[in-house]
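Structure at a glance
Residue strings, one per chain:
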Amino acid sequence: MGLLDNKVVLITGASRGIGKSIAETCVKQGAIVAFTYLSSEEKARALESELTANGGIAKGFRSDASKFDEAQSLVDQVVESFGTVDVLVNNAGITRDTLLMRMTEEQWDEVITTNLKSAFNLTKAVQKPMLKARMGSIINMSSVVGVKGNAGQSNYAASKAGLIGFTKSIAAELGSRNIRCNAIAPGFIETEMTEVLDQDVVASWRNSIPLKRGGQPEDVANATVFLASDLSAYITGQTLHVCGGMLM
Ligand code: NAP
């Protein structure tokens, strides 16, 4: 028996990195997985084959999380395919790092729209099936950077801090309908997003983390399964730090 048996889990941005690991872990726990991607068509198709290889149920959808109408149409398609949405994981995210002095309006808007507005788009769209079912779990992928800020990431930090405020507000609004909403704040997780960083900087980060290693996507996926499952039935409005003790 899995922790997510027959629950329909919708994950945005799962063609690679953390989202991919969340999809894999959810299927292992018995979930029916709908996942999205934007540009990595081949990786998404490969993931769909991997997830369904051993009898798992999963489907990939090309959908831009930053677009309001696409989110609505995505949720309609998922409900048509699988009947409902029990769990939403707002994972899609991007960085456009630079100092404020050099940051363009486009870099600010792109990050806020992809990381923050996407959560509004998708949460609004899943509200209807979740209200109908009188249950649901929404998980927003924030970051320790949203809690503490970071030079060179003002757009990203603002988007991730915004997600925490959004999470608490949705938890307050929908708690009486048995719909929970929590955030995860990963620290330094080794994915394509962090591969582009200067390796000397990365080594110094690893050394400063109490657990002395970067996180793996599975570390975040396991926390996601916990928040998605009934094991966390009395937890809402919280931000779970998955950062090896980087931020205490
Ligand atoms: P990643 O490897 O860069 O993967 C990002 C994923 O988001 C990809 O699947 C990408 O799809 C998708 N995506 C981007 N824009 C999208 C859009 N508009 N609509 C739909 N999907 C979109 O990133 P990651 O490291 O796994 O990070 C996942 C989440 O965790 C992000 O929200 C990130 O901010 C957060 N996080 C990461 C770290 C870390 O250290 N890695 C730390 C804290 C928080 P395509 O490939 O198809 O474009």
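What you see is a predicted model, and the numbers here were worked out from it, not measured in a lab.

When helices and strands are tallied, the protein shows nine helices and seven strands. Relative to the globule expectation of 18 Å for 248 residues, the C-alpha radius of gyration of the protein, 17 Å, shows essentially globular dimensions. In terms of overall dimensions, the protein has C-alpha extents of about 45 × 35 × 35 Å along its principal axes. Summarising the internal contacts of the protein: among those between residues at least 6 apart in sequence, 75% fall at separations of at least 24. When the accessible surface of the protein is split by element, carbon and sulfur atoms take 53% of a total near 12,000 Å². Computed over 24 positive and 26 negative side-chain charges, the inter-centroid distance for the protein is 6 Å.

Evaluated as defined, the whole model comprises zero disulfides. Looking at Cys 26, it has no disulfide partner, and the nearest cysteine sulfur is the one in Cys 181, 16 Å off. Of the residues examined, Cys 181 reaches a relative accessible area of 0% and is grouped as buried.

This next bit is on the pattern of salt bridges. In total, this model carries ten salt bridges according to the counting rule given. Where Lys 20 meets Glu 24, a salt bridge forms, and the shortest distance between an N and an O atom there is 3.9 Å. In this pair, Lys 20 and Glu 24 are both assigned in helix 1 (residues 17-28), four residues apart and thus about one turn of the helix distant. Taking relative accessible area as the criterion, Lys 20 reaches 29% and is therefore assigned partly exposed. Salt-bridge contacts for Lys 43 lead to Glu 192; the nearest nitrogen and oxygen are separated by 3.1 Å. You can see Lys 43 sitting in helix 2 (residues 41-52) and its partner Glu 192 sitting in helix 7 (residues 192-195), a full 149 residues away along the chain. Residue class for Glu 192 comes out partly exposed when judged on its relative accessible area of 35%.

Around the ligand sit 30 residues, and of these Ser 15, Ser 40, Asn 91, Tyr 156 and Thr 191 come closest. At 2.8 Å, a backbone N or O of Ile 18 approaches an oxygen atom of the ligand. Between the ligand and the protein, one listed contact pairs an oxygen atom with a backbone N or O atom of Asn 91 at 2.7 Å. In isolation the ligand offers 900 Å² of accessible surface; the protein chains occlude 96% of this area. Contributions of two or more residues to the shell around the ligand are made by helix 1, helix 6 (154-174) and helix 7. Of the residues that constitute the shell around the ligand, the class distribution is 13 nonpolar, 14 polar and three charged.

So, about unusual backbone geometry. The phi torsion of most residues other than glycine is negative, and most of the peptide bonds are trans. Of note, Asn 178 is a non-glycine position whose phi angle comes to about 65 degrees, a positive value. With respect to the element layout, Asn 178 can be found in the loop between helix 6 and strand 6 (179-186). Overall, Asn 178 belongs to the partly exposed group, its relative accessible area being 46%. Within the chain, Lys 212 stands out as a residue other than glycine whose phi angle is a positive 60 degrees. As for its position among the elements, Lys 212 is in the loop between helix 8 (199-208) and helix 9 (217-228).

Owing to its 3.6 residues per turn, the α-helix brings residues three or four apart onto one side. The end-to-end C-alpha distance of helix 1, which contains twelve residues, comes to 17 Å, matching closely the 16 Å that a straight helix rising 1.5 Å per residue would cover. For helix 1, the full list of buried residues reads Ile 18, Gly 19, Ser 21, Ile 22, Ala 23, Thr 25, Cys 26 and Val 27. Of the surrounding elements, those touching the buried residues of helix 1 are strand 1 (8-11), strand 2 (32-37), helix 2, strand 4 (87-90), strand 5 (136-141) and helix 9. A positive phi of about 95 degrees marks Gly 30, the residue just after helix 1.

What counts and what doesn't
Residues numbered from 1 in each chain as written. Predicted model: local features only at pLDDT ≥ 70, side-chain atom pairs only at ≥ 80, totals over all residues. Heavy atoms only, no water. Helix = DSSP H or I, 4+ residues; strand = E, 2+ residues; numbered from the N terminus. Rg over C-alpha atoms; globule rule 2.2 N^0.38 Å. Contact = heavy atoms within 4.5 Å. Areas by Shrake-Rupley, 256 points an atom, 1.4 Å probe, with all protein chains shown as cover. Lys, Arg positive; Asp, Glu negative; His and termini not counted. Charge placed at Lys NZ, Arg CZ, Asp CG, Glu CD. Disulfide = S-S within 2.5 Å. Buried < 20%, exposed > 50% of the residue type's maximum accessible area, 1.4 Å probe, protein only. Salt bridge = Lys/Arg side-chain N within 4 Å of Asp/Glu carboxyl O. Near = heavy atom within 4 Å. Polar contact = N/O pair within 3.5 Å; in protein donor to acceptor, adjacent residues only side chain to side chain. Nonpolar A, V, L, I, M, F, W, Y, C, P; charged D, E, K, R; others polar. Expected span 1.5 Å × (residues − 1).

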